[in-house]
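Examination of the molecular architecture
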Amino acid sequence: MDWTNQGTAMANLKINGKTITVDVEDDTPLLWAIRENVGLTGTKYGCGIAQCGACTVHMDGVAMRSCGVTVGEAAGKEITTIEGLAVNGVLHKVQTAWIANDVPQCGYCQSGMIMAVAALLKDNPKPTDDDINDAITNICRCGTFQQVREAIHAAANA
Amino acid sequence: MLPRTRKGAAMNQHVKINRRSFVVGAATAGAGLAIGLDLPFGGPAVVRAADGSPEINAPEVNAWVVIRPDETVVIRIARSEMGQGTLTGLAQLVAEELECDWSKVTTEFPTPGQSVARKRAWGDFSTGGSRGIRSSQDYVRKGGATARVMLIQAAANEWKVPATECKVSSGVITHTPSGKTTTYGKVAEAAAKLEPPADVKLKDPKDWTIAGKGLKRLDTADKVTGKMIYGADVKLPGMLNAAIKDCPVFGGKLKSFDAAKIANMKGVKKVVQVGDSAVAVVADTWWHAKTALDALPIIWDEGDNAKVSSETIAKWLAEGLDNAQPAYIGNQNGDAKAAIAGAAKKVEAVYSYPYQNHATMEPMNATVLYTPEKCEVWCGTQNGEAAFAAALEASGLPPEKVDVHKLLLGGGFGRRGMTDYVRQAVAIARQMPGTPVKLLWSREEDMQHGKYHPITQCKLTGAFDADNNLIALHYRLSGQSILFSVRPEALQNGMDPAAFQGVAQTGEAAIGYSVPNLLVEHSMRNPHVPPGFWRGVNVNHNAIYMECFMDELAHAVGQDPLEFRRKLMGKHPKHLAVLNAVAEKIGWGTPAPNGVYRGIAQVMGYGSYVAGAAEISVTDGSKIKVHRIVASTDPGYIVNPAQVERQIAGSFVYGLSALFYGGCTVKDGRIEQTNFDTYNSMRINEMPKVESVMVPSGGFWGGVGEPTIGVAAPAVLNAYFAATGKRIRSFPLRSQNITFA
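This one's a predicted model, so the numbers in the text were calculated from it and none came from an experiment. (Residues numbered from 1 in each chain as written. Chains lettered and ligands numbered in written order. Predicted model: local features only at pLDDT ≥ 70, side-chain atom pairs only at ≥ 80, totals over all residues.)

**Remarks on the overall build of chain A**
The secondary structure content of chain A amounts to six helices and five strands. Counting helices and strands in the order they occur from the N terminus, chain A gives β-β-α-β-β-α-β-α-α-α-α. Rg of the C-alpha trace for chain A: 16 Å, near the compact-globule value of 15 Å for 158 residues, within the 12% margin. Taken along its principal axes, the extent of the C-alpha atoms in chain A is 55 × 30 × 25 Å. For chain A, the proportion of its 158 residues judged to be buried stands at 58%. Residue pairs at least 24 apart in sequence account for 59% of intrachain contacts in chain A once pairs closer than 6 positions are excluded. (Helix = DSSP H or I, 4+ residues; strand = E, 2+ residues; numbered from the N terminus. Rg over C-alpha atoms; globule rule 2.2 N^0.38 Å. Buried ≥ 20, exposed ≤ 12 C-beta atoms within 10 Å, placed from the backbone. Contact = placed C-beta atoms within 7 Å.)

**So, the overall build of chain B**
Each helix and strand in chain B was counted, giving 19 helices and 28 strands. The C-alpha atoms of chain B give 27 Å as radius of gyration, which agrees with the globular expectation for 741 residues (27 Å, within 12%). Viewed in the frame of its principal axes, chain B has a C-alpha envelope of about 80 × 75 × 50 Å. Each of the 741 residues in chain B was classed as buried or not, and the buried ones make up 59%. Residue pairs at least 24 apart in sequence account for 77% of intrachain contacts in chain B once pairs closer than 6 positions are excluded.

**Things to note about the pairing of strand β8 (residues 240-246) of chain B**
Residue and element names in this part refer to chain B. Of all seven residues in β8, seven are buried; the element is thus mostly enclosed. Here β8 shows two buried faces, one formed by L240, A242, I244 and D246 and the other by N241, A243 and K245. Bridge count for β8 against strand β18 (residues 437-440) is three bridges, and the pairing is parallel. From the neighbouring strand, A242 faces β18, where its bridge partner is L439. Both β8 and strand β11 (residues 278-283) contribute to a ladder of six bridges, which runs antiparallel. Within β11, the residue paired with I244 across the bridge is A280. (Pairing = 2+ DSSP bridges.)

**Describing the sheet that holds strand β7 (residues 180-183) of chain B**
All names here are of chain B. Across the sheet, which stays open at both edges, the three strands sit in the order β5-β6-β7 with antiparallel pairing between neighbours. Of all strands in the sheet, those with a lone pairing partner are β5 (166-169) and β7, marking the two edges. Each neighbouring strand pair of the sheet contributes to a mean axis angle of 25 degrees, computed without reference to strand direction. Across the sheet, helix α7 (residues 184-192) touches β6 (172-175) and β7, and the angle it forms with β7 is around 75 degrees. (Axes fitted to C-alpha atoms, helices over the stretch in contact; angles between N-to-C directions.)

**What to know about the sheet that holds strand β13 (residues 328-333) of chain B**
All names here are of chain B. The sheet built from five strands is open, its strands ordered β13-β21-β20-β19-β14 with mixed pairing. The open sheet has two edge strands, β13 and β14 (345-353), and neither has a second partner. Neighbour-to-neighbour, the strand axes of this sheet turn through a mean angle of 10 degrees, independent of strand direction. In this sheet, strand β21 (residues 517-524) lies alongside strand β20 (residues 470-479) in parallel orientation, the contact comprising eight bridges. Bridging across to β21, Y475 finds its partner in V520.

**As for the nonpolar core**
Residue and element names in this part refer to chain B. Among the nonpolar cores identified, the biggest contains 282 residues, and L151, A280, V281, V377, A391 and V716 are the most heavily contacted of them. A total of eleven residues in this core trace back to one element, the largest contributor, which is helix α19 (residues 709-724). For A280, the residues in contact, after removing those within four places along its chain, are A242, A243, I244, V272, V274, I428 and L439. (Core = buried A, V, L, I, M, F, W, Y, C linked by C-beta atoms within 7 Å.)

**With respect to the confidence of the model for chain B**
All names here are of chain B. Put simply, chain B has an average pLDDT of 92, and 92% of its residues get 70 or more. Note on residues 1-56: pLDDT is under 50 here. Beyond four places in sequence and across chains, it has 89 contacts. Here the prediction assigns the complex a pTM of 0.93, and the interface score ipTM is 0.96. (pLDDT = per-residue confidence, 0-100.)

**A short note on unusual backbone geometry**
Residues and elements named next belong to chain B. Across the junction of F731 and P732, the peptide omega takes the value 5 degrees, indicating a cis bond. Positionally, P732 belongs in the loop between α19 and β28 (739-740). The backbone phi angle of K160 is positive, close to 55 degrees, even though this residue is not glycine. Note on placement: K160 falls in the loop between α6 (137-159) and β5.

**Some words on the domain arrangement of chain A**
Residue and element names in this part refer to chain A. Partitioning chain A into structural domains gives domain 1 (3-84) and domain 2 (93-156). The C-alpha centroid of domain 2 is placed 22 Å from the C-alpha centroid of domain 1. Residue assignment for the side of domain 1 that touches domain 2 shows that the elements contributing at least two residues are β3 (56-59) and β4 (62-65). Of all the elements, β3 adds the most residues to the side of domain 1 that touches domain 2, at three residues. Residues of the side of domain 1 that touches domain 2, tallied by class, amount to seven nonpolar, seven polar and one charged. (Domains from an automatic or database assignment. Nonpolar A, V, L, I, M, F, W, Y, C, P; charged D, E, K, R; others polar.)

**Describing helix α11 (residues 384-395) of chain B**
In an α-helix there are 3.6 residues to a turn, and that puts residues three or four apart on one side. Residue and element names in this part refer to chain B. Along its twelve residues, α11 runs 16 Å from first to last C-alpha, staying within 8% of the 16 Å computed at 1.5 Å per residue. Of all the twelve residues making up α11, eleven are buried; the element is thus mostly covered by neighbouring parts of the structure. Listed as buried for α11 are G384, E385, A386, A387, F388, A389, A390, A391, L392, A394 and S395. Backbone geometry just after α11 places G396 at a positive phi near 75 degrees. (Expected span 1.5 Å × (residues − 1).)

**Comments concerning the packing of helix α3 (residues 93-100) of chain A against helix α4 (residues 110-123) of chain A**
Residue and element names in this part refer to chain A. Packing of α3 against α4 brings their axes to within 9 Å, and their N-to-C directions diverge by 125 degrees. Regarding the angle of α3 to α4, the classification is oblique. The way α3 lies across α4 gives a crossing that is right-handed. Contacts from V94, Q95 and W98 in α3 reach I114, V117, A118 and L121 in α4. Its residues assigned to classes, the contact of α3 with α4 shows six nonpolar, one polar and no charged. (Parallel < 35°, antiparallel > 145°, perpendicular 65-115°, else oblique. Left-handed = near helix turned anticlockwise from the far one by under 90°.)

**Considerations on the environment of B:V249**
All names here are of chain B. Mapped onto the secondary structure, V249 falls in the loop between β8 and β9 (253-257). As a C-alpha pair, V249 and N305 span 56 residues in sequence and 6.7 Å in three-dimensional space. Not counting residues within four places of it along the chain, the set of residues in contact with V249 comprises W300, E302, G303, N305, A306, G669 and R670.

**Focus on the interface of chain B and chain A**
It is common to report an interface's size as the accessible area lost on association of the parts. Facing 49 residues of chain B, the contacting portion of chain A comprises 47 residues. If you list the elements that add at least two residues to the side of chain B that touches chain A, you get α8 (286-295) and α18 (641-660) of chain B. No other element matches α18(B), which puts seven residues into the side of chain B that touches chain A. The residue inventory of the side of chain B that touches chain A, partitioned by class, reads 23 nonpolar, 14 polar and twelve charged.

Listed below in structure tokens is the structure:
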């Protein structure tokens, strides 16, 4: 490969309601464009291979692992990161439930966990434990699962 | 290597400051380092907050307590917060004695550089061994109590009344006879100028109103909005980003690399050698750095270790199980070998436990700004002073020109007590003076350059008399010593005393059984894979070996595993109490639901007594569903039961993840697992609720973050035997084709 000739594209990303032009190659993972080019660091790097879910964002309302999506694929889509989940300064009910249930331990996985849960509740406002088991596959090494589960139910009933 | 004693290390301190003695010689290190330094803090200090911004000019009542005019109480926390809740717990202890308004409490981390400059005002920074609260509770409570006395005295002075006529509640001081009131915020400046009282009386924990309560954590809000800044999120003006590759074979060297091949790749600024075994690419963004690093031609000198594999290690460790081989004796009474030789009945089993990676969610990272005048580090670390010492050594600068700014850790579990990533980051930044550089490891680098849970095997032999009484137990461990690699000065005539955690005769990890003839020994064999303190450390494998074997012994003589243990625990009432607590809670002795089987285990570690029990069902002999987990702990005192509950549950997740999915294998001298696809971790669907039973009996301070992990695996493994009649003695379970249902 001729590295001197890497294609540079000015991609337009719609993030948290704003259109942002980023000067990165089309094949840059969305995760790194969000963190390094847009400067929103709430979306975390955990594995880079779409295993852990720490980088989960919403793309057109669907939970996506942003390390596995390129900037080219994300261009034109509505992207929401953890920073954009609260609306007009009012926390999303999942965030509120997370605080009320004291969910995070180290907290590093929780941005992705919260984004995954917010997407679940949008599609399924009253998930059962089995629904949660199917939908929430994020890794948490601290082991906050029991608080996560309780907080999901709390948010669903909020 | 010549073994050095702790005392020796401490004495060396006065001669020469080096990293090990700094870290180990805790009591003298700070004083030693402070000699000859100007103390920059005469009077109330200005301390930067965790985010590096300067604290507003608020009076410091003492090292632990700053009170702002708006009544905000800033409590300084020297230990690290990695999710375990120590930050909140320590603040509760200070606030309890301070008698302040908890809703006004906030926290900040003093830096190790400031601590050294102030004659180690904040004591030990290390946050491992489940010591965060238990080893500093005494002096932080005194810090709070001392500040309270000074604040009350300041009010009394202002009113010209005796302090004994004043009382305080929630930061409001009242002169009882007159009814006059004032607040901490109003008298803090005057209080800061008073001499601290020589001695203060601490509250009886029975009277606690802030400590001992399941208060919500102080650090949650920013964790749910994405605002929390971890080390990986640090941004400095003009900062560049570095990606690194260390020789994949531990002990190997970097031979050469062809920087010209990537020089024109987008964003690349510099390619640098790091130490003698690693190379880093520095670029505008980390993604560019990583992409270029992946394309960089590198030639390694892998050395002889490239011949080592899991098989060669296993063979070497198995040889250590032979009684003819030398071994260190860690615990003995009677004559186990003779008793076994003459016994009516003998049971023998060989177990093994693999390497494990910490796999913190946030990979290792550190950001460094180096100039010849100053080296500043921003990182998550479990030991601010160790990171400081590493930065001193790597920068070559004197202590007053170095500092470390601690951030919250995206997981620690023991990994961030090590400082390899700090050294690397400083070594990179030193080659780019004046430019801040953030070094972030890829997950692959993190998986392959861990400080792994040590590898061991264990041969256990039990002997019974004709009446099926256990008369002898021989516990022969073969394998790796962490201290040999990490703190050789702590070895005792070559022996690693920590190797016997959980099976020691006495101390904070003492065995809970009395056996007339007991021999616990360790044939030390240290493969080239670097070991480290991995949550639970040596308690993990020792508890699995001992507790699974206790189960084997019980079944060998047709006895109930709980009753069998109880007979050996008469002299260990605290061990027995937690075991009884879980037995009662899980309904041991009563029928389990159809198809559900139970297992039980207990151990002592980190000064606490813990027990666990599991209910599982097994499909097709290989699919395990964990239905219920019950865990009991006696840590003496509980500062925040809600956080203790989370540590207990988290210990099961961490321990069972390792049991089912973990295990790092070695091929061609390197670790084979590279990411979460090959080193998986439990998900929510696999984890039941953990029912915890806290039975703090008082009179001692035990740790909480680690001990419970010891009982996680054996409780499930013993239940698996109950369900299938099959005993699993080699891990992880995935290597036995056993997984979650």
